[in-house]
Amino acid sequence: MAQIDRVLRSNIKLRHLQLVVALDEFRHLGRTAEFLSVTQPAVSKMLSEVENMLGLTLFERSTRGSEPTASGRSIVRFARSVLAEYERTRDEIAAEESGAAGRTRVGSMVVALPTLLGRAVELLKQRSAQATVLVEEGDLTRLLPRLRLGELDLFVGRLEPGYAAPDLDTEALYNEPMMAVVAPGHPLAARARVGWQDLAQLPCVLPPPWASLRVKLEQQFHRHGLAPPTDLVETASFLAQLAFVQRRGAAGFMAQSVARYFESTGSVRVLKLAVPVELPSIGLITMRGRPLTTTTSQLMECLRQAAAESGAGTSPGSAAPRRRSTPARRTRAG
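None of these values were measured; they are calculated from a predicted model. (Residues numbered from 1 in each chain as written. Predicted model: local features only at pLDDT ≥ 70, side-chain atom pairs only at ≥ 80, totals over all residues. Heavy atoms only, no water.)

K.L.:
So what exactly am I meant to see when it comes to the packing of aromatic side chains here?
P.N.:
What describes a pair of aromatic rings is the distance from one ring centre to the other and the angle between the planes of the rings. One pass over the structure, following the stated rule, counts five aromatic pairs. Centre to centre, the rings of Phe26 and Phe35 are 5.1 Å apart; their planes meet at 50 degrees, and the pair counts as tilted. Exposure remark for Phe26: the relative accessible area of 28% places this residue in the partly exposed category. Plain terms: the ring middles of Phe238 and Phe262 are 6.2 Å apart, the flat faces sit at 65 degrees to each other, and that makes the pair edge-to-face. (Phe/Tyr/Trp six-rings, centres within 6.5 Å; stacked < 30°, edge-to-face > 60°. Buried < 20%, exposed > 50% of the residue type's maximum accessible area, 1.4 Å probe, protein only.)

K.L.:
In this structure, what is going on with the sheet that holds strand S7 (residues 178–182)? I would like to understand it.
P.N.:
Across a sheet, paired strands are connected by hydrogen bonds in the backbone, their directions being either parallel or antiparallel. Spatially, S9-S8-S10-S7-S11 is the arrangement adopted by the five strands of the open sheet, whose pairing is mixed. Two strands close off the open sheet at either side, each with one partner strand: strand S9 (232–234) and strand S11 (269–270). Alignment of S7 against S11, held across two bridges, turns out to be antiparallel. Each bridged residue has a counterpart across the sheet, and for Val182 the counterpart in S11 is Arg269. Contacts between helix H10 (residues 238–248) and the sheet are confined to S7, strand S8 (204–206), S9 and strand S10 (251–255), with S10 contributing the most and set at about 145 degrees to the helix. (Pairing = 2+ DSSP bridges. Helix = DSSP H or I, 4+ residues; strand = E, 2+ residues; numbered from the N terminus. Contact = heavy atoms within 4.5 Å. Axes fitted to C-alpha atoms, helices over the stretch in contact; angles between N-to-C directions.)

K.L.:
Any chance you could explain the pairing of strand S2 (residues 65–68) here in plain terms?
P.N.:
Looking down a regular strand, the side chains alternate between one sheet face and the other. Pairing of strand S1 (residues 59–62) with S2 involves four bridges; the strand directions are antiparallel. When the sheet's bridge partners are listed, Arg61 is paired in S2 with Ser66. Counting the residues between successive antiparallel strands, the hairpin from S1 to S2 contains two residues.

K.L.:
Looking at this structure, I do not really get the sheet that holds strand S3 (residues 103–108). What am I missing?
P.N.:
Strand order in the open sheet formed by five strands is S4-S3-S5-S12-S6, and the pairing between neighbours is mixed. Both edges of this open sheet fall to strand S4 (132–137) and strand S6 (168–174), since each of them pairs with a single strand only. Adjacent strand axes in the sheet meet at a mean angle of 25 degrees when their direction is disregarded. Pairing of S3 with strand S5 (residues 154–158), which is carried by three bridges, proceeds in the parallel orientation. What sits directly across from Gly107, in S5, is Phe155.

K.L.:
What should I look at first to understand unusual backbone geometry in this one?
P.N.:
The phi torsion of most residues other than glycine is negative, and most of the peptide bonds are trans. You will see that Arg27, though not glycine, has its phi angle at about 55 degrees, which is positive. Along the chain, the position of Arg27 falls in the loop between helix H2 (14–26) and helix H3 (29–36).

K.L.:
Before we go on, may I ask you to explain the side chain of Thr104 in this structure?
P.N.:
Position of Thr104 among the secondary structure elements: in strand S3. Taking the relative accessible area as the measure of exposure, Thr104 reaches 0% and is therefore buried. Each residue touching Thr104, except ones within four places of it in the same chain, is listed here: Thr132, Val133, Leu134, Asp153, Thr295, Thr296 and Leu299.

K.L.:
What is the right way to read the environment of Gly157 from this model?
P.N.:
Here Gly157 shows up in strand S5. For Gly157 and Leu113, which are 44 residues apart along the polypeptide, the C-alpha to C-alpha distance reads 8.7 Å. Residues within four places of Gly157 in sequence aside, it is in contact with Met109, Ala112, Ser281, Ile282 and Gly283.

Spatial relationships are all this shows, so hold off on functional conclusions.
If you want it as structure tokens, here you go:
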């Protein structure tokens, strides 16, 4: 244990950390060497250096590639965290020296991208045009580990209760209903009233089976005595959803703010159908106790302002809808 402590504190170098992260990504010595712009023997030599320093085997080599051992996975997590802090510090110093406004790294679920985050970045750029926002799209299962490692500064999306943890600070911004959508020229688009039986007969684009929304949407069909559609495309991507809604004559489901945004662009039409499903609030997650960069704090202020402007739904815990924003503001979002 003393040897490991000494190595992690004093002996291990950034190039060693970059190596184990790259090897974890590629699981192959040759591809790792190509990525790092060194020879394969050099990769083998550096890996041996790290393993000898630690007195541990970090990767099992075989003809099929390299797999991290249990100790290797721990070192990879350590390496990712250190490299993330290194990049954060480097960017902050570079921004200060150049007079730029700084940088923040945001992980966002698709439900927050077109309207909430899009408008918030617009507001941030009005304050400081040189502020840089790196956006990674994904779900909680992919983005939360990156937030914990320090590779992201902020998460924006649905606050699923199952992911609450003592190391996370969460802030709910608003709740909003779901809406059913079709392509603008779809026969149902002009109907004054649409029923669940109409959707049951259509191709549908639904969330993946593991998504809580998928279960709740299927329950709506069952409550109306209907079997859920069997002609399905499953996706969490709005781009894929739009493509199949438009090309296959399918019905899809979007959060109200997103559906209205895409309707304003002429991409979809919102159906006159109530979709009474309860979903977690949309909000923010940061790491408890981790200092925020100035740009991250400013973006969070802009996200709160964008949520207040949008009138997307209701405040968490409130039954009264927020006042709707003007069409011009909603159009600028994204």
